[in-house]
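Working through the structure, step by step
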Amino acid sequence: MHDDRTLVEARLKRVLEERIRPAVYPESVPLSVGSWTAPGEPVPVAEGLAAPRTPIAVGDRWGAPWSTSWLTVAGTVPAAWAGRCVEALIDLGFDRNMPGFQCEGLVYRPDGTPVKGLNPNNQWVRIAEHATGGEQVLLHVEAAANPVILDYHPFLPTDLGDRATAGSEPQYRLARMDLAVFDRTVWELVLDLEVVGELMAELPVDGARRWELLRAVERALDAVDLQDVNATAAAARTELAGVLAAAAAPSAHRISAVGHAHIDSAWLWPLRETVRKVARTTANMTALLADHPEFVYTMSQAQQYAWLKEHRPEVYAKVKQAVAEGRFVPAGGMWVESDTNMPGSEAMARQFVHGKRFFLAEFGIENQEAWLPDTFGFTGGLPQIIKAAGSRWLLTQKISWSQVNSFPHHTFWWEGIDGTRIYTHFPPVDTYNCSMKGAELAHAVRNFKEKGRATRSLAPTGWGDGGGGTTREMIGRAARLRSLEGSAAVRWETPAAFFTAAQAEYPEPPVWVGELYLELHRATLTSQARTKQGNRQCENLLREAELWAATAAVRTGAPYPYAALDRLWKTVLLHQFHDILPGSSIAWVHREAEATYAAVAAELTAIVEAAQQALAGEGGTELVFNSAPHRRSGVAAGGAAPAAAPAGDCTLRERAGGGFVLANGRLRVELDGRALVVSAYDLAARREAVAPGAAANLLQLHPDFPNMWDAWDVDQFYRNTGTDLTGVDELTVLADKPEAVAVRVARSFGSSTVVQTLTLAAGAGRLDLLTEVDWHETEKFLKLAFPLDLHADRYAAESQFGHQYRPTHTNTSWEAAKFEACNHRFTHVAEPDWGVALVTASTYGHDVTRTVRPGDGGTTTTVRASLLRAPRFPDPHTDQGPHAFRHALVPGATIADAVREGHLVNLPERTVLGAATAVAPLVAVDGEEVVASAVKLADDGSGDLVVRLYQATGTRSRSTLRTGLPVVSVHACDLLERPLPDGHPALHDGAVELALRPFQLVTLRFARG
């Protein structure tokens, strides 16, 4: 037989596109359209409905960037269409290749009831299933002219990312505005041909099934009269019925499809637009659920439900009903799908606390899965947090984006730094925007790494990022793929149903230990420094506010600000979304974030000051309040007292050959004439921290133009070229006092300037560094380097509730790929008996490398903190202007020292005048290895005291927690402050004995007497 395969396939493509698909709507009449553009920001629905309209026609331009136009479409169903299905087709000027990244609309009835969202893949509005003819059609569309930021030539700098700079040029032209007859038979034929044709293309050419499908397609195309598709579509479907009825093999891979629209809470649009994106998407999804009984939809991010509840209560009511029916599934149990690298320990915990509490309060649902499909890698501290929140599964997809190494599993146990294991799944479909295309499903089958041991994977199905969700076409494809020979078998299922079945089938998958590092998007640890600093500042203030408000409530009866703290936590958690905190959103988002952080910080500072004043009373005695979890200046952790005088005196003298020598009896620091640290000597250990012939506190500038994803990525080749910034404009002594000595250096480079202040305080084991940069570079990367005289094959970087180790070498491609990584308050490099820590108050990105010196054969391990970048997409003016960064170099540091100094740098002491001679801490913990991360009152308003602690050094620890107040009982709890079944530690005279494994997290709840 002659091979005519390519001929038939080409015929299918053309006939489907040019004849059959257009016949879905065989008849149409135009709708009349009127428009009104809201001045400024979006207006309430009632105002938009009532505003006067100006006629506008198809082809007319509309929509300045970020503006909102209210369109009214009107028409009459022709009498000749009686008995037929009629839909309105509303095309705002869509580009079908960019769902979620352009204009969108929400349709309303005249009474203001939301109907459905409009987007490139959802342009229809059902008018009548069986028209009577003569119906009057009147619909209103709230049309958002969101500009296209990520265009066909991606990553080009654009000022469209902020309304203040976007201009007023109309972005779109109205396209189709019609009433049309919907021919369901032709629509079904389109899906038949798509599914058969796509499956056919994925099957082996020498297999019989491919040819069976080909011949069925040929017969179907022969049955279609191209001059009268509508009359012959049923006959064509008959020719395909046989091959579509052939059942899947018993061994077919099983795909659990779950409706999904990953909606970024902000990204290439501001937060206010996400509120509307959620409303459009959920309006469509609740309508699909009503029409398709088999369909299941899931949405994560409690914040997005809260927005719906506040701004679109009519849509929220439908969501609540669908949730009660078990078909609209709240997923993930987090406030937002946050970044998980940079949020601090408590913030990461509170993502689950606030997310789970919302779902429990609103729906009576407790999630078992963490749902983070698009987050940029996961720290090793996360498994314990997931488990402590009462969950046991994790889904993510982003690791499939790694540039170098293919992750070896799709279903596995993920083991965290403390030994906690979480059952984890990566969908092998390699997208969280699956559209049920044959190529996607075939890829999932081929890609699935557990073949022979497991048969199940999950496919999040629907348009996402910018929203949109599942379409009726995706549901139609899934129906044909439920059991189809040659294909994976598809069934709509909830995430919990998938994980339950997957774990029952494959209870002992392989184990992956440690962080899930994404080999991509590494620059998100540095981009938009002000956003990152705002996050860190507010995290620290939230800790302080809870601690001092709780202390004031217990000690003085002052009211505890439950509502304010709840609101402020949620604001900070929202801004930890994985395109806000990482710095990958448009300028508008980061401009608003900076203002929001400032407002949050001001309100939290007021809470702290009010509580401390209530504790201090009115008087003239100076009290130092210490919110750090370690004693300092003679003041107990969590308490207040007059500060003790610092031990020892500081000296400063000029150094031979230029520069200065700073000393305080513990450290001797030498700065050369360039104000570079050429020696940091630990006097007690008689060890030098700085590598021979090297200089620390060295600013280094690199070109930074990644191949893609400018704000997200830094590519390894940036290291090929760099400039050491050693020029000195000014070098002066800033302070020369017994309590502290300080030197100031000013430099300039390119269009920028930098001023550094190096301070050594009496009794301190660290050199404090303040780096103030007025940054005006473009596509550059600024690093601060510390070459250390240490031989180490690994280093520690703090993460949530502990630290994780990373290699300093590049033996394998896995290690080489980690050329930029995340830390929280410290990195620590050590030989077995001596180490050095670099402490930071706000930076996250860093790199650690090692070289062997040719002269003495010793090893230099260089730690570099990442300070600033200057990408031009999506914000062309990223980080321009002034910045300040605080670091500290701690020679001779153990891990415990690094933990302590990290807290002290991040939580400065506060001085208050009052009448009290001291404020006793609510709790005291023996030793430094066990750290209190939160001291607060219970969220339920009971007045119980909640203390969260963790083992911070990676060793086993025994410690005693003593309470400074009357307590009658204690329970070990989960993160939601619910007693654990076996959580009954012994309480003796207000004290609890603790025996903790490395990095173990414990939450204790004390009932007050």
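The structure we're discussing is the one just above.
Residues numbered from 1 in each chain as written. Predicted model: local features only at pLDDT ≥ 70, side-chain atom pairs only at ≥ 80, totals over all residues. Heavy atoms only, no water.

Here we come to the overall build of the chain. A count of helices and strands for the chain gives 18 helices and 52 strands. Over its C-alpha atoms the chain spans a radius of gyration of 31 Å, differing by no more than 12% from the 30 Å that the globule rule assigns to 1009 residues. Each of the 1009 residues in the chain was classed as buried or not, and the buried ones make up 63%. Once local pairs closer than 6 in sequence are excluded, the contacts in the chain between residues at least 24 apart make up 75%. (Helix = DSSP H or I, 4+ residues; strand = E, 2+ residues; numbered from the N terminus. Rg over C-alpha atoms; globule rule 2.2 N^0.38 Å. Buried < 20%, exposed > 50% of the residue type's maximum accessible area, 1.4 Å probe, protein only. Contact = heavy atoms within 4.5 Å.)

For the rest of this paragraph, the subject is the nonpolar core. With 242 residues, the main nonpolar core has Ile20, Leu92, Phe328 and Leu1004 as its most contacted residues. Leu92 has contacts with Trp62, Leu71, Cys103, Glu104, Gly105, Ala143, Tyr172, Arg173, Leu174, Ala175 and Met177, leaving out every residue within four places of it along the chain. Among the nonpolar cores identified, the runner-up in size contains 51 residues, and Tyr517, Cys650, Val669 and Ala762 belong to it. (Core = buried A, V, L, I, M, F, W, Y, C linked by side-chain atoms within 4.5 Å.)

Within the secondary structure, Arg209 sits in helix α4 (residues 208–223). Among residues more than four places away in sequence, those in contact with Arg209 are Leu203, Val243, Ala246, Leu484 and Glu485.

With that out of the way, let us pick up the sheet that holds strand β12 (residues 177–181). Taken in spatial order, the four strands make up an open sheet running β1-β12-β6-β9, and their pairing is antiparallel. The open sheet terminates on both sides in strands that have one partner only, identified here as β1 (28–30) and β9 (124–128). The sheet shows a mean angle of 25° between the axes of neighbouring strands, direction not considered. Note: strand β6 (residues 86–90) against β9, four bridges, orientation antiparallel. Within the sheet, the bridge partner assigned to Ala88 lies in β9 and is Val125. (Pairing = 2+ DSSP bridges. Axes fitted to C-alpha atoms, helices over the stretch in contact; angles between N-to-C directions.)

Right, let's get into unusual backbone geometry. Geometrically, the link from Phe873 to Pro874 is a cis peptide bond, its omega value of 5° lying close to zero. Assignment of secondary structure puts Pro874 in the loop between β43 (859–869) and β44 (881–891).

Overall, the coordinates contain zero disulfides when judged by the stated rule. Cys822 takes part in no disulfide bond, and the closest cysteine sulfur, belonging to Cys538, lies 18 Å away. (Disulfide = S-S within 2.5 Å.)

Before going further, it helps to examine the packing of aromatic side chains. Counted by the stated rule, this structure contains 39 aromatic pairs. Judged by centre distance (5.6 Å) and plane angle (80°), the ring pair of Phe101 and Trp267 falls under edge-to-face. Of the two residues, Phe101 sits in the loop between β6 and β7 (104–108) while Trp267 sits in the loop between β13 (254–259) and α6 (271–291), which places them 166 residues apart along the sequence. Trp267 shares its class with Phe101; the two are buried. (Phe/Tyr/Trp six-rings, centres within 6.5 Å; stacked < 30°, edge-to-face > 60°.)

For strand β33 (residues 740–749), the buried fraction is high: eight of the 10 residues fall into the buried class. Of the strand pairs in this sheet, strand β32 (residues 730–737) and β33 are connected by seven bridges, and their pairing is antiparallel. When the bridges of β33 are listed, Val733 appears paired with Val743. As consecutive antiparallel partners, β32 and β33 are separated by two residues. Pairing analysis gives 10 bridges linking β33 to strand β34 (residues 752–761), with the strands arranged antiparallel.

Another aspect to go through is the pattern of salt bridges. All told, the structure shown has 79 salt bridges when counted by the stated rule. Through salt bridges with shared partners, a single network forms among Glu41, Glu104, Glu142, Arg163, Arg272, Glu273, Arg276, Lys277, Arg280 and Arg312. (Salt bridge = Lys/Arg side-chain N within 4 Å of Asp/Glu carboxyl O.)

Of all five residues making up strand β18 (residues 411–415), five are buried, and the element is well covered by its neighbours. Judged by which residues are buried, β18 turns out to be covered on both faces: Thr411, Trp413 and Glu415 on one side and Phe412 and Trp414 on the other are all buried. Examined bridge by bridge, β18 and strand β19 (residues 421–425) share five bridges and lie antiparallel to one another. Among the inter-strand pairings, Trp413 is bridged to a residue of β19, identified as Tyr423. Between β18 and β19, which pair antiparallel and follow one another directly, the connecting turn spans five residues, one of which, Gly419, has a positive phi of 100°. Relative to strand β22 (residues 511–513), β18 runs parallel, the two being bridged by three bridges. Pairing of Trp414 across the sheet is with Trp512, part of β22.

This part covers helix α11 (residues 438–447). Regarding α11, the residues found buried are Gly438, Glu440, Leu441, Ala442, Ala444 and Asn447. Looking at the buried positions of α11, the neighbouring elements they touch are α3 (184–202), β13 and β21 (489–492).

Moving on, we get to the sheet that holds strand β16 (residues 369–371). Taken in spatial order, the five strands make up an open sheet running β16-β17-β19-β18-β22, and their pairing is mixed. If you trace the sheet from one side to the other, it starts and ends with β16 and β22, each paired once. Averaged over all pairs of adjacent strands, the angle between their axes in this sheet comes to 30°, without regard to strand direction. Alignment of strand β17 (residues 393–395) against β19, held across three bridges, turns out to be parallel. Its bridge partner lying in β19, Leu394 is registered against Thr424. Together, β16, β17, β18 and β19 form the strand contacts of helix α13 (residues 495–505), whose direction differs from that of β17 by roughly 115°.

Moving on, we get to the packing of α3 against α4. At a minimum axis separation of 9 Å, α3 and α4 run at an interaxial angle of 145°. As α3 packs across α4, the resulting crossing turns out to be left-handed. Each of Leu193, Val196, Leu199, Met200 and Ala201 in α3 lies in contact with α4, whose residues at this interface are Arg210, Leu213, Leu214, Val217 and Ala220. (Left-handed = near helix turned anticlockwise from the far one by under 90°.)

Next up on the list: the side chain of Thr424. Position of Thr424 relative to the elements: it lies in strand β19. Setting aside residues no more than four positions away along its own chain, Thr424 makes contact with Leu394, His410, Thr411, Phe412 and Trp414.

Moving on: the packing of α4 against helix α5 (residues 229–245). At a minimum axis separation of 8 Å, α4 and α5 run at an interaxial angle of 165°. Viewed along their axes, α4 and α5 adopt a mutual orientation that is roughly antiparallel. Regarding α4 and α5, the two cross each other, and that crossing is right-handed. Residue-level inspection shows Arg209, Glu212, Leu213, Ala216, Val217, Arg219, Ala220 and Ala223 of α4 in contact with α5, the latter providing Thr232, Ala235, Ala236, Glu239, Leu240 and Val243. Classifying every residue of the contact of α4 with α5 by side-chain character gives nine nonpolar, one polar and four charged. (Parallel < 35°, antiparallel > 145°, perpendicular 65-115°, else oblique. Nonpolar A, V, L, I, M, F, W, Y, C, P; charged D, E, K, R; others polar.)

This paragraph deals with α6. Taking 1.5 Å of rise per residue, 21 residues should cover 30 Å, and α6 covers 31 Å from first to last C-alpha, within 8% of that figure. Summarising burial for α6: 18 of the 21 residues are buried, a large majority. (Expected span 1.5 Å × (residues − 1).)

Let's shift gears to the environment of Thr732. For Thr732, the position within the fold is in strand β32. The residues contacting Thr732, other than those within four sequence positions of it, are Val743 and Arg744.

Let's shift gears to the environment of Arg948. Residue position: Arg948 is located in strand β48 (residues 945–951). On the basis of relative accessibility, which here comes to 1%, the residue Arg948 falls in the buried class. Note: C-alpha distance between Arg948 and Asn697 (251 residues apart in sequence) is 36 Å. Discounting chain neighbours no more than four positions away, the residues touching Arg948 are Glu346, Arg350, Phe801, Val931, Ala932, Ser933, Ala934, Leu975, Leu1001, Val1002 and Thr1003.

Another point: the environment of Glu273. Looking at where Glu273 falls in the secondary structure, it is placed in helix α6. On the accessibility criterion, Glu273 (0% relative accessible area) is buried. Here Glu273 is in contact with Ala144, Asn146 and Arg280, once residues within four sequence places are set aside. For Glu273, the side chain forms a polar contact with the side chain of Asn146, separated by 3.3 Å. (Polar contact = N/O pair within 3.5 Å; in protein donor to acceptor, adjacent residues only side chain to side chain.)

In short, shape yes, function no, at least from these values alone.
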